[in-house]
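# Structural overview for review
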Amino acid sequence: MSTDILTNACPADRPLHRGRTVPQGLTGLLAGALSIGCPLALAQQDYDEIERPLWEVGVGIGGISFPHYRGSDERVGYVFPTPYLVYRGRFLRADRNGLRGRLFDSDRAELNISLGLSLPVKSRDNDARDGMPNLKTAVEVGPSLNLNLWQSSTDRSRLDLRLPVRLAVTLESSPRAIGWIFSPNLNLDIADPGGFRGWNLGLMAGPLFATSRYHQYYYSVDEQFATAARPAYSARGGYSGSMALVSLSRRFRHVWVGAFVRYDRLDGATFEDSPLVRQKGALAGGLAVTWVFGQSSTMVRSRE
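This report concerns the structure included in the present document. (Residues numbered from 1 in each chain as written. Predicted model: local features only at pLDDT ≥ 70, side-chain atom pairs only at ≥ 80, totals over all residues. Heavy atoms only, no water.)

Within the chain, the secondary structure is distributed over one helix and 15 strands. Expressed as a percentage of the 304 residues in the chain, the buried residues total 55%. Within the structure as shown, the chain displays about 12600 Å² of accessible surface, and the carbon and sulfur contribution to it stands at 59%. (Helix = DSSP H or I, 4+ residues; strand = E, 2+ residues; numbered from the N terminus. Buried < 20%, exposed > 50% of the residue type's maximum accessible area, 1.4 Å probe, protein only. Areas by Shrake-Rupley, 256 points an atom, 1.4 Å probe, with all protein chains shown as cover.)

Okay, structure coming up:
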């Protein structure tokens, strides 16, 4: 599935983006690595602007479970090393909000980089796709305009509208573009939820849209691969269903922990009648623990 947290990836929108979920991507929790994702740039939220290291690095381990692709009734799980990176530069930052360039200075809007990653699927391991070409690993990258709609007087809760647009490209000897994805969503970040100090709760939900080329890559069936149980099918572009994600994380002194659960629905999607769609609702989830072992001696003023 795809790391803005899963479009058709393992989810980056938990691709890298504001929030404490995962890439694309865990993306966001396990973010960048999977658009469900790998914690790359997920720091503890702290709303006090104080002196902090210019950069911090770490490494850990994460696990994730998700369908082969959105609509598949078969699943896969991975355990893998997870990088941790925080960079608090003046114009480039990598933190709990993801990787972003500060192209303009505004309390209400920011332009970030949105990343996602769709993991490969071997068709022989998937009953619906048996005999069809394998799905290649695909990276997704593009801009995301994030607009702040509301924040609490203490600045410990905020509601953002995120507008990521990404181009998906396969990773193979001859890479090819397989279409565009647009996943507008509302994201609510809450620090110290329920009085549990130090914890960060993220809630995100929204519709998904993609071009016909993208849908065809995952859901079309060419005549040569049609069978009695799998008729030929040509997918159209447009609405791709919806998703909702909940994430929880905390940064201790030298350890970061995070987890997420994502739910996808395909009701009303333009490809919902594809023979490759075996179920219209599915859960994905992940957990990661990282050890922060290095930091810069240079200090900068930052809220996170």
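So that's the structure; there's more coming.
Looking at helix H1 (residues 212–219), one finds that the buried residues are Tyr-214, His-215, Tyr-217, Tyr-218 and Tyr-219. Buried residues along H1 cover an arc of 165 degrees about the axis, so they all sit on one side. Check the buried side of H1 and you find it contacts strand S6 (109–118), strand S7 (138–151), strand S8 (157–170), strand S9 (177–182), strand S11 (199–210) and strand S12 (238–251). (Arc of directions from axis to C-beta. Contact = heavy atoms within 4.5 Å.)

Within the element layout of this structure, Ile-50 appears in strand S1 (residues 50–53). Residue Ile-50 is classed as partly exposed on the basis of its relative accessible area of 38%. Each residue touching Ile-50, except ones within four places of it in the same chain, is listed here: Val-300, Arg-301 and Ser-302.

Glancing now at the nonpolar core. Within the largest apolar cluster, 23 residues are counted, with the highest numbers of intra-cluster contacts made by Tyr-69, Ile-178, Tyr-214, Tyr-218, Tyr-219 and Phe-271. Counting residues per element, the ones that place at least two in this core are S9 and H1. For this core, the element with the most residues is H1, which contributes four residues. Leaving out residues up to four positions away in the same chain, Phe-271 has contacts with Arg-70, His-215, Tyr-219, Tyr-233, Ala-235, Tyr-239, Ser-240, Leu-266 and Val-277. (Core = buried A, V, L, I, M, F, W, Y, C linked by side-chain atoms within 4.5 Å.)

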